[in-house]
Amino acid sequence: MYDLGIINGRVYTDGGFIRTNVYVTDGKIAALSAERLKCAKTVDAEDSKVLPGLIDPHVHFSLTAGGNTSTDDFESGSVNGLLGGITTYIDFLDPIRSTAEYKDAFDQRMALAEKSASDYAFHGCVADPSDSARKIIREGLKYGITSIKLFTTYSNTNRRTGDRYILDLLKESRPHNVRIVVHSENDELVDYGENILVKNHEKSRDTLCETTEVLKLAQMARVTDGKLYIVHVSAGTTADIIAREYRKELEKGTIIMESCPHYFIFNSSCYNKRNGCLYTMTPPLRPEEDRALLCENIDHISTIGTDHCPFTEEMKRHKYTSETPMGIGGIKYSFLNMYTLFGDRVISKFTSNVARAYNMYPRKGTLLPGADADIVIFDDRANDVIKDPESLYNGRAVKGRITAVYLGGKEAVKDGKYMGSEGSYIRR
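Just so it is clear, the model here is predicted, and its values are computed rather than measured.

Enquirer: Go over the overall build of the protein chain with me, naming the residues and quoting the values.
Expert: For the protein chain, the helix and strand inventory stands at 14 helices and 19 strands. In summary, the protein chain has a C-alpha radius of gyration of 21 Å against a globular reference of 22 Å for 428 residues, a match within 12%. Projected onto the principal axes, the alpha-carbon positions of the protein chain cover approximately 65 × 50 × 40 Å. Taking all 428 residues of the protein chain together, 60% fall into the buried category. For the protein chain, contacts bridging at least 24 residues in sequence account for 74% of all contacts bridging at least 6.

Structure (structure tokens):
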């Protein structure tokens, strides 16, 4: 007898749907079978889509910057994620310069994550590192961390990592099976002025900042055969050039491009609104032609992360960008927003693509036997409107409704309500 059976659903299996039933035992997917088998508990999916638990590869819970701390901690952020079908997320350690700092950075984030309602992992993070790339990578592997985040910008706060070091990381990445995760902006083109008005946010770090830096990194990845991951691609121009000039690297996974829902939905005209400060993040929203071109290139974007980092209106309501904490929320509505725009094409970008990129497949990102029983029941026939005054997506019409979410075979969300759960750290 199985612990749980989810029957009468359209089950997603890495690229398509089959009509079958999902059976769970001891928190794992035990079988897929069209037969009705004996279960301690049976749930009728009523012809809804049955998806693997969604993965957000890019969140910032309990992030403190410039004296402001993001409003979602690991508990509230992960609960909001579960309500949006996110059963696993990857957050970031604080930036380090040497291996001696790694353990403290890891322990501090683990302590904050103790109350996480869903499963989680961490990216390591470096800022102008002093130890060798090999030493940094090997130190992270001790903690089950197989990705290293760095910045090509923020020289004004000593977070920039130089080209030669990035080249060393890329050379070491494939032998160690580690992904090099890059916030890509051309530091020489960024305007660090203290009196930049919110309405000029996009102009201060425009599309050219991103595109020129990503092209340089892509060529470095090609030459080294390294494992490059570009976070939050914001401009259609960037995605379009990489798709045309580095197609083989994209197909092989040498280069992976991630983007975020807000870059597909909003454009830089938002900064002219009275509440334009609420739309500030880095990189910024782009002009409409870049937003539209990004949508055209959705098939070349491998993963969707949220860069979830919300701040209160009081924290963000400033005249100048130098005073404004960068980041918005979105984890609760990321899948619904992207599914509304692109339908089934985005499912792999929230599941198997993320799991494969970050060494979690086949434990995560699939419903094959042996995988964690993280399951989302999604009614794609429903139509809804987001009702959340604190969200920039308030009032947005969406297609589909997440009706149930299971974490390790246990019901975490039922009928859109959080039921309780407990997450675990995922070593990769």
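Enquirer: Now, about helix α12 (residues 334-342): what can you tell me, with residues and values included?
Expert: For α12, the tally of buried residues reaches seven of nine residues, placing the bulk of the element in the interior. Residues of α12 that are buried include every one of S334, F335, L336, N337, M338, Y339 and F342, and no others. Following α12 by one or two positions, G343 adopts a phi angle in the positive range, close to 65 degrees.

Enquirer: Account for the sheet that holds strand β13 (residues 228-230), with residues named and values stated.
Expert: Reading across from one edge, β6-β9-β10-β11-β12-β13-β14-β15 is the order of the eight strands in this open sheet, with parallel pairing throughout. Two strands close off the open sheet at either side, each with one partner strand: β6 (54-56) and β15 (303-304). When strand β9 (residues 86-92) meets strand β10 (residues 119-125), the two strands line up parallel, connected through five bridges. By the bridge assignment, Y89 is partnered in β10 with Y120.

Enquirer: Quick one: what's the story with the environment of G236, residue by residue and with numbers?
Expert: Tracing the backbone through its elements, the reader meets G236 in helix α7 (residues 236-245). Overall, the relative accessible area of 0% leaves G236 in the buried class. Sequence separation of G236 and T321 is 85 residues, and the distance between their C-alpha atoms is 24 Å.

Enquirer: Go over the packing of aromatic side chains with me, naming the residues and quoting the values.
Expert: Across all of its chains, the model carries 23 aromatic pairs by this definition. Between F74 and F122 the ring centres are 6.4 Å apart and the planes differ by 75 degrees, which places this aromatic pair in the edge-to-face class. One end of the pair, F74, is in helix α1 (residues 74-83); the other, F122, is in strand β10, and 48 residues separate them in sequence. For F74, a relative accessible area of 0% translates into the label buried. On the basis of relative accessible area, F122 is assigned to the buried category, the value being 0%.

Enquirer: Tell me what's going on with the side chain of S173, and back it up with residues and numbers.
Expert: By the secondary structure assignment, S173 is in helix α4 (residues 163-176). S173 sits in the buried class, given a relative accessible area of 0%. Only 2.7 Å separates the side chain of S173 from the backbone oxygen of L170, close enough to count as a polar contact. Discounting chain neighbours no more than four positions away, the residues touching S173 are I137, V178, I180, G226 and K227.

Enquirer: Give a description of the nonpolar core that names residues and reports values.
Expert: Formed by 88 residues in total, the largest nonpolar core has its most connected members in F122, F264 and F335. Setting aside residues up to four positions removed in sequence, F335 forms contacts with L51, L54, G84, V346, I347, F350 and F378.

Enquirer: I'd love a proper account of the pairing of strand β3 (residues 28-33), names of residues and values included.
Expert: Pairing geometry for strand β2 (residues 17-25) and β3, over five bridges, is antiparallel. By the bridge assignment for β3, Y23 is matched with A31. The turn joining β2 and β3, which pair antiparallel and follow one another in sequence, is formed by two residues; a positive phi near 55 degrees is taken by D26.

Enquirer: Kindly report on the packing of helix α3 (residues 133-141) against α4, identifying the contributing residues and their values.
Expert: Packing of α3 against α4 leaves a shortest axis separation of 9 Å and a crossing angle of 45 degrees. Our classification of the angle between α3 and α4 gives oblique. Viewed along their axes, α3 and α4 form a crossing whose handedness is right-handed. Here A133, R134, I136, I137, R138 and L141 of α3 come into contact with α4, specifically with Y165, D168, L169, E172, S173 and H176. Partitioned by chemical class, the residues of the contact of α3 with α4 number six nonpolar, two polar and four charged.

Enquirer: Before we move on, could you go through α7 and cite the residues and values that matter?
Expert: Those residues of α7 lying buried are G236, T238, A239, I241, I242 and A243. Lining the buried residues of α7 we find α6 (207-224), α8 (247-252), β14 (255-259) and α10 (288-296).

Enquirer: Can you explain the pairing of strand β16 (residues 375-385)? Please cite residues and give values.
Expert: Bridge count between strand β5 (residues 49-52) and β16: four bridges; the pairing is antiparallel. Looking at the pairing, V50 lines up with I377 of β16. The pairing of β16 with strand β17 (residues 397-407) spans eight bridges and is antiparallel. When the bridges of β17 are listed, I375 appears paired with Y406.

Enquirer: Can you explain the environment of L228? Please cite residues and give values.
Expert: The topology assignment puts L228 in strand β13. When its relative accessible area of 1% is taken as the criterion, L228 is described as buried. In this structure the C-alpha to C-alpha distance between L228 and L217, which are 11 residues apart in sequence, comes to 7.9 Å. Excluding residues within four positions of it along the chain, L228 makes contact with L170, R179, I180, V182, L217, A218, A221, T254, I255 and I256.

Enquirer: Could you give an account of the state of the cysteines, naming the residues involved and the relevant values?
Expert: Two cysteines form a disulfide when their sulfur atoms are joined by a covalent bond. The final tally for this structure, using the stated rule, is zero disulfides. Free cysteine: C270, not disulfide-bonded; nearest cysteine sulfur from C277 at 12 Å.

Enquirer: I'd like a rundown of the layout of surface pockets, residues and numbers included.
Expert: One water molecule sets the probe size; rolling that probe over the atoms shows where empty space is left. In this structure, the largest pocket encloses a volume near 1,100 Å³. Lining the largest pocket are 43 residues, and of these A65, Y154, R159, T282 and M326 sit closest to its centre. Only β7 (64-65), β9, β11 (147-151) and α5 (201-204) provide two or more residues apiece to the lining of the largest pocket. Taken together, the residues of the lining of the largest pocket sort by class into 16 nonpolar, 17 polar and 10 charged. Within this model, the second largest pocket holds a volume of roughly 610 Å³. Together, 24 residues line the second largest pocket, and P310, G329, E390, S391 and L392 are the ones closest to its centre. Of the residues in the lining of the second largest pocket, the class split is nine nonpolar, nine polar and six charged.

Conventions we followed
Residues numbered from 1 in each chain as written. Predicted model: local features only at pLDDT ≥ 70, side-chain atom pairs only at ≥ 80, totals over all residues. Heavy atoms only, no water. Helix = DSSP H or I, 4+ residues; strand = E, 2+ residues; numbered from the N terminus. Rg over C-alpha atoms; globule rule 2.2 N^0.38 Å. Buried < 20%, exposed > 50% of the residue type's maximum accessible area, 1.4 Å probe, protein only. Contact = heavy atoms within 4.5 Å. Pairing = 2+ DSSP bridges. Phe/Tyr/Trp six-rings, centres within 6.5 Å; stacked < 30°, edge-to-face > 60°. Polar contact = N/O pair within 3.5 Å; in protein donor to acceptor, adjacent residues only side chain to side chain. Core = buried A, V, L, I, M, F, W, Y, C linked by side-chain atoms within 4.5 Å. Axes fitted to C-alpha atoms, helices over the stretch in contact; angles between N-to-C directions. Parallel < 35°, antiparallel > 145°, perpendicular 65-115°, else oblique. Left-handed = near helix turned anticlockwise from the far one by under 90°. Nonpolar A, V, L, I, M, F, W, Y, C, P; charged D, E, K, R; others polar. Disulfide = S-S within 2.5 Å. 1 Å grid on protein atoms, 1.4 Å probe; cavity = no way out; pocket = protein on both sides within 12 Å on 5 of 7 lines; lining within 4 Å. Points joined across faces, edges and corners; volume = space filled by probe spheres on them.

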